[in-house]
Amino acid sequence: MLPADRAQVPKILILATEACAYPGADNVGQIHAEYPANTYVVRVPAPVMFSEPFYLHCFEKGIAGIIVMSCGHECPYPGAYDTLATRISRVHELMGERGIQTNRLRLCAVCTVCSKAFLKEVHQMHELLTSTV
Amino acid sequence: MDKSQAQDPLREADNGATAHTLRIGVYVCHCGGNISDVVDVERVVQAASGLSNGVVTRHYPAMCSETGQNLIIDDISNEKLDRVVVAACSPSLHEHTFRAAVARAGKNAYLYEHVNIREQVSWCGKSDPDGATNKAIRLVGAGVAKARLLRPLAPISMDAKRHVTVVGGGVSGLRAARDLARIGLAVTLIERSASLGGHMAQWHLVYPTEDKARDLLRELVDEVIGDPNITVHTRAEVIEASGYVGNFLLRVEPEHITVETGAIVLATGFDLYQPQEGEFGYGQYPEVITLDQLERMLDPEGPTSGRLERNGRAVNNVCLIHCVGSRQIEGIHQPGPDGKLNEYCSRVCCTATLRAAGEIRRRFPRTNVFELYRDIRTYGRGHEEYYDEASRLGVLFCRYEADRPPVVSPAEPKKGPGLICAKHPPGRSGKLNLVPFSAEEPDDSALVVQVKDTLTFGEELEIPADLVVLVTGMVPREIDTLVDQLKLSRSADGFLQEVHPKLRPVELAVNGLFVAGTCQAPMDISESCAAGSAAAAKAAALLASGRIELDPFLAPVDLDVCRGEGKCVEACQYQKAVTLVEVERDGRKVRHAEVNSALCNGCGMCTAVCPTGAIQVEGWRLDQFDAMVDALVADYAETEVSHA
């Protein structure tokens, strides 16, 4: 059986853009930098494709934290980043209404070689979740 | 079966199997220990076999090998697999490989899902193998969950321009352009400066052949200029790029021309490290120069007509300082204007310096040559011979540590207790005489270089120098516009980054873009030529047929579900790929969304706002993501590794 501490490690979902953040996450591995194992990187062309309920459902299902790692202003899809930023703000409002801590959803930009930014985001979220969840 | 089911390609392809009865093969790669040294692959396979669709589950040392791929092909045939999942390295390396294997077995290539358990699991989780194994189990679970919902897709086949643009007219760009033209492709060569040849045109003799650089170049430039397949634009820059593999569109200034091209070879070259003001006396003392300036000086066609002189005086003592601006260490070296340290070795400077040092000793035997180095790296074929030759010719080597770099200062009357080495030409043994400093024998060199020499048990030497040569390395050239327009990846040191140093060494992450020469990393002329030829061969192979296959990750509309509300049309305000059309269906007029696949870029802005889920990006459907999240949070208690 799984001891309680392992079963209850809060899970972090990382939505990483195919053009920037996903290769950025690969880069972290390539330089053999370590980060907690409770992190699950999912490759997406553009996280702008997810509607507000997608995020809320993730929390309902048991994901403890979500980091949306976008391309920021390097986004290859015109207009997608600004639309995404607006949507994440809207999700934050909805999270507030439902009593979900809003800092459990983070939007940031991670480039193909931004290993430091990737690690900072992951460690911050991990710390937040392990100290509060 | 109702009509919508009959039209569902999933059901047609899978002979009526439902998502949970599909036969899925799951393969976990050891990557020769890269994965299996950390991740318990047997546990991952055991977990996968517990999933409802895990019909075949295997682990294997190298799935990308021919034998590994044949495992998949044989299982598809013998076990009647409907879907394949491979957990291995990053999809950027082998997603395409395994899709191709699935296709070779007669299945649709898009019925394949790739799970990354190397870069994003084993390599970043070495100190927590249990955690890494559990993570791999969940990620494989998510991969299987997505695989259940994959649909067969048809790649989009498009015309491709049989034309390549080479950006940069240095030796690797010239070599790429010439090779491409000989294969029969049309080439446009765009060079930022006024002339072709790049840095090589400024160099005198080049190792390992001692050829005159300009003679080698002249031959190549003549071939390029004389080739009817090549159009050359000098003083020209790409300022805007759009399109995709096979059909890029480049705007070139200041000539206001537009180039339609199928592939792009980046051969933008390097800059030489510019020493900071006062670094080893650079900019302070006119006797401090860089290696490229020394090369110009040694060139009979150069500014001194080949005479080794400074301030009108012959040079008696030359001191060459290696690793200036290279192999920088945090806390020891000052970051450059961009705040970055150049931590890498520039590779080519050692042999270039040894070559120049040997030439000085041969041509000016009365001139003493000192090389102050951290390490000598003569890595290539015929390079070490330059070190042997320089030693034989009496070049004196001193080794310094990074934290005790040589100090260059104006020469003053010396007071000891250091050692001075001056005006004592090599004896028969070929060795210079190191003699204690003597006030009776003043040296008139303008500068003195102090160095703690670790080859002689840390002796503090004072070396007179009327010429100090800083051996500066290669740094990435400023090509921000190209990086921005073409979405180029850079490595941590700022050079352009290939997809994989061994498997795809001249390809960039964006399909149709290739890299050649020193914009990728410091390399010498032989290596730059090889890279240029390699990029040419890859680009030519890509465009040979004049057709290109693209992934069909666009957003079609499910007409049975679309209610024609038009929210997707609003969302697609940038691409304007979605419109509402009115059609007659079952005898009545209905409105529905229609996607222009030539304009759709697959971003999914429409997907998020569609109230019915009718519009989805193929390959990235929302139900697939939902299923992945479900799998990530599922209960794997029986198969996960627990802390004993």
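Residues numbered from 1 in each chain as written. Chains lettered and ligands numbered in written order. Predicted model: local features only at pLDDT ≥ 70, side-chain atom pairs only at ≥ 80, totals over all residues.

Draft legend 1. Looking closely at the overall build of chain B. Looking only at helices and strands, one finds 17 helices and 32 strands in chain B. Going through the 644 residues of chain B one by one, you find that 47% of them count as buried. Relative to all contacts within chain B whose residues are 6 or more apart in sequence, the contacts with residues 24 or more apart total 72%. (Helix = DSSP H or I, 4+ residues; strand = E, 2+ residues; numbered from the N terminus. Buried ≥ 20, exposed ≤ 12 C-beta atoms within 10 Å, placed from the backbone. Contact = placed C-beta atoms within 7 Å.)

Draft legend 2. Region of the structure containing the sheet that holds strand E3 (residues 63-70) of chain A. Here we have four strands laid out as an open sheet, ordered E2-E1-E3-E4 (chain A), and parallel in their pairing. Two strands in the sheet have a free side with no partner beyond their single neighbour: strand E2 (39-44) and strand E4 (105-109) of chain A. Direction aside, neighbouring strands of the sheet carry axes that sit 20° apart on average. As paired strands, strand E1 (residues 11-17) of chain A and E3 of chain A are joined by six bridges and run parallel to one another. Bridging from a neighbouring strand, Ala16 of chain A pairs with Met69 of chain A of E3 of chain A. Strands E1, E3 and E4 of chain A of the sheet are contacted by helix H3 (residues 52-61) of chain A, whose axis makes an angle of about 145° with E3 of chain A. Against the sheet, helix H17 (residues 622-632) of chain B engages E1, E2 and E3 of chain A, with an angle of about 150° to E1 of chain A. (Pairing = 2+ DSSP bridges. Axes fitted to C-alpha atoms, helices over the stretch in contact; angles between N-to-C directions.)

Draft legend 3. Highlighting the interface of chain B and chain A. Contact with chain B, which involves 44 residues of that partner, is made by 41 residues of chain A. Among the residues making up the side of chain B that touches chain A, the classes are represented as 18 nonpolar, 16 polar and 10 charged. (Nonpolar A, V, L, I, M, F, W, Y, C, P; charged D, E, K, R; others polar.)

Draft legend 4. View of the nonpolar core. Residues and elements named next belong to chain B. Ranked by internal contacts, the top residues of the largest apolar core, which has 125 residues, are Val44, Ala87 and Val140. Here the element with the most residues in this core is helix H7 (residues 129-148); it accounts for nine residues. Other than its neighbours up to four places away in sequence, Val44 contacts Val28, Val39, Ala87, Thr133, Ala136, Ile137 and Val140. Residues Val166, Val265, Leu320 and Ala357 belong to the second largest nonpolar core, which totals 108 residues. (Core = buried A, V, L, I, M, F, W, Y, C linked by C-beta atoms within 7 Å.)

Draft legend 5. Local environment of the packing of helix H4 (residues 66-78) of chain B against helix H5 (residues 91-104) of chain B. Residues and elements named next belong to chain B. Axis separation between H4 and H5 bottoms out at 9 Å; the angle between their running directions is 35°. Both H4 and H5 take part in a crossing whose hand is right-handed. Residues Gln69, Ile72, Ile73 and Ile76 of H4 form the contact with H5, whose own contacting residues are Phe98, Ala101, Val102 and Arg104. (Left-handed = near helix turned anticlockwise from the far one by under 90°.)

Draft legend 6. Spotlight on the packing of helix H8 (residues 171-183) of chain B against helix H9 (residues 213-226) of chain B. All names here are of chain B. It is at 9 Å that the axes of H8 and H9 come closest, and there the two elements cross at 40°. When the axis of H8 is compared with that of H9, the two are oblique. As H8 runs across H9, the sense of the crossing is left-handed. Taking contact as the criterion, the partners of Val171, Leu174, Arg175, Ala177 and Arg178 in H8 are, on H9, Leu217, Leu220, Val221, Glu223 and Val224. Residue composition of the contact of H8 with H9, by class: seven nonpolar, no polar and three charged. (Parallel < 35°, antiparallel > 145°, perpendicular 65-115°, else oblique.)

Draft legend 7. How the structure looks around the sheet that holds strand E19 (residues 317-324) of chain B. All names here are of chain B. Taken in spatial order, the five strands of this open sheet run E16-E27-E19-E20-E21, and their pairing is parallel. In this open sheet, the two edge strands, each paired with only one partner strand, are strand E16 (288-290) and strand E21 (396-399). Direction aside, the axes of adjacent strands within the sheet are offset by 25° on average. Sheet analysis places E19 next to strand E27 (residues 467-472), joined by five bridges and oriented parallel. Residue Cys319 lies in a different strand from E27, and its bridge partner there is Val468. Relative to E16, helix H10 (residues 291-298) is tilted by about 90°, and along the sheet it contacts E16 and E27. Contacting E19, strand E20 (368-373) and E27, helix H11 (residues 349-363) crosses the sheet at an angle of about 175° to E19.

Draft legend 8. Seen up close, the confidence of the model for chain B. Residues and elements named next belong to chain B. Confidence in the prediction of chain B, expressed as mean pLDDT, is 90, and 91% of residues score 70 or more. Every residue in residues 1-12 scores below 50 in pLDDT, and together they form seven contacts with partners more than four places removed in sequence or on other chains. The low-confidence segment residues 422-433, where pLDDT is below 50, has 20 contacts with residues more than four positions distant or belonging to other chains. Two numbers describe this predicted complex: its pTM, 0.77, and its ipTM, 0.96. (pLDDT = per-residue confidence, 0-100.)

Draft legend 9. Looking closely at unusual backbone geometry. Residue and element names in this part refer to chain B. At the junction of Tyr207 and Pro208, the peptide bond is cis and its omega measures out at -5° in the coordinates. In this fold, Pro208 is placed in the loop between strand E8 (205-206) and strand E9 (211-212). Residue Glu253 is joined to Pro254 through a cis peptide bond whose omega torsion reads 0°. If you trace the backbone, Pro254 turns up in the loop between strand E12 (247-253) and strand E13 (257-261). Here Cys323, not a glycine, exhibits a phi torsion of approximately 60°, which is positive. For Cys323, the position within the fold is in strand E19. On the basis of neighbour counts, which here come to 25 C-beta atoms within 10 Å, the residue Cys323 falls in the buried class. With phi around 60°, Phe457 is a residue other than glycine that occupies positive phi space. Within the secondary structure, Phe457 sits in the loop between strand E25 (447-453) and strand E26 (459-465).

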